[in-house]
Amino acid sequence: MSFLGFGKPQPTLAEKMNAAEQELEMITDMFNRLTRSCHNKCIPTDYREADLNKGESVCLDRCVSKFFDVNIKVSEAMQSQSQAMRGAQGGAGFSA
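Conventions adopted
- Residues numbered from 1 in each chain as written.
- Predicted model: local features only at pLDDT ≥ 70, side-chain atom pairs only at ≥ 80, totals over all residues.
- Heavy atoms only, no water.
- UniProt positions renumbered as here; feature names shortened; annotations may be inferred.
- Helix = DSSP H or I, 4+ residues; strand = E, 2+ residues; numbered from the N terminus.
- Buried < 20%, exposed > 50% of the residue type's maximum accessible area, 1.4 Å probe, protein only.
- Areas by Shrake-Rupley, 256 points an atom, 1.4 Å probe, with all protein chains shown as cover.
- Salt bridge = Lys/Arg side-chain N within 4 Å of Asp/Glu carboxyl O.
- Disulfide = S-S within 2.5 Å.
- Core = buried A, V, L, I, M, F, W, Y, C linked by side-chain atoms within 4.5 Å.
- Contact = heavy atoms within 4.5 Å.

For the chain, an unreviewed UniProt entry supplies the name Mitochondrial import inner membrane translocase subunit and the organism Tuber aestivum. Its UniProt record gives the chain the following Sequence similarities (unreviewed entry) comment, quoted word for word: "Belongs to the small Tim family." UniProt lists a comment for the chain under the heading Subcellular location (unreviewed entry), and it reads "Mitochondrion inner membrane".

In structure tokens, the structure reads:
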């Protein structure tokens, strides 16, 4: 509990563990989608060499960069949309 009962109550250990597990699942899912998407786009299905060639390496580098850029832009858009919705809900209760 917070000082003098004001403010938000502190999360319990179980709530912290649940949040950490959800975050780990999200990160794992994002990594798997990134790997699958860039592998399908940049690596041919008939492996000719044990190592990546220059074209594959450049393709993977660009693919990963674009994946993260898009992920950041989507996250920012979702956050601003969420804030706008909270602002609309919070302001609706105070109208006369």
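There's plenty left to go through after this.
Enquirer: Which residues make up the overall build of the chain, and what are the values?
Expert: Summing up its helical and strand segments, the chain has 2 helices and 0 strands in all. Within the chain, the fraction of its 96 residues that count as buried is 7%. Of the roughly 8,600 Å² of accessible surface on the chain, a fraction of 60% belongs to carbon and sulfur atoms.

Enquirer: Which residues make up the pattern of salt bridges, and what values do they have?
Expert: Once their charged atoms are close, side chains differing in charge can pair, the charge on each being opposite to the other. Going through the model one piece at a time under the given rule, you end up with 2 salt bridges. A salt bridge links Asp 29 to Arg 33, with the shortest nitrogen-to-oxygen separation between them at 3.1 Å. Of this pair, Asp 29 and Arg 33 both sit in helix 1 (residues 13-42), 4 residues apart, roughly one helical turn. Residue class for Asp 29 comes out partly exposed when judged on its relative accessible area of 40%. Accessibility expressed as a relative area gives 38% for Arg 33, which makes it partly exposed. When the shortest N-O distance is used, the salt bridge between Asp 46 and Arg 48 registers 3.2 Å. For Asp 46, a relative accessible area of 40% gives the class partly exposed.

Enquirer: Report on the state of the cysteines, specifying residues and quantitative values.
Expert: Taken as a whole and assessed by the stated rule, the structure comprises 2 disulfides. A sulfur-sulfur distance of 2.0 Å marks the disulfide that ties Cys 38 to Cys 63. Torsion about the S-S bond of the Cys 38 and Cys 63 cystine: about -90°, corresponding to left-handed handedness. Residue Cys 38 is located in helix 1, and its partner Cys 63 is located in helix 2 (residues 54-92); the two are separated by 25 residues in the primary sequence. In this pair, the class of Cys 38 matches that of Cys 63, namely buried. The partner cysteine of Cys 42 in its disulfide is Cys 59, sulfur to sulfur 2.0 Å. As the torsion about the S-S bond is roughly -70°, the Cys 42-Cys 59 disulfide counts as left-handed. Of this pair, Cys 42 sits in helix 1 while Cys 59 sits in helix 2; the two residues are 17 residues apart in sequence, bridging distant segments of the chain.

Enquirer: Can you explain the nonpolar core? Please cite residues and give values.
Expert: Counting residues in each nonpolar core, the largest one holds 5 residues, listed as Leu 34, Cys 38, Cys 42, Cys 63 and Phe 67. Secondary-structure elements contributing two or more residues to this core are helix 1 and helix 2. Considering every element that reaches this core, the biggest residue donor is helix 1, with 3 residues. Look past the residues within four positions of Cys 42 in its chain and what remains in contact with it is Glu 56, Cys 59, Leu 60 and Cys 63.

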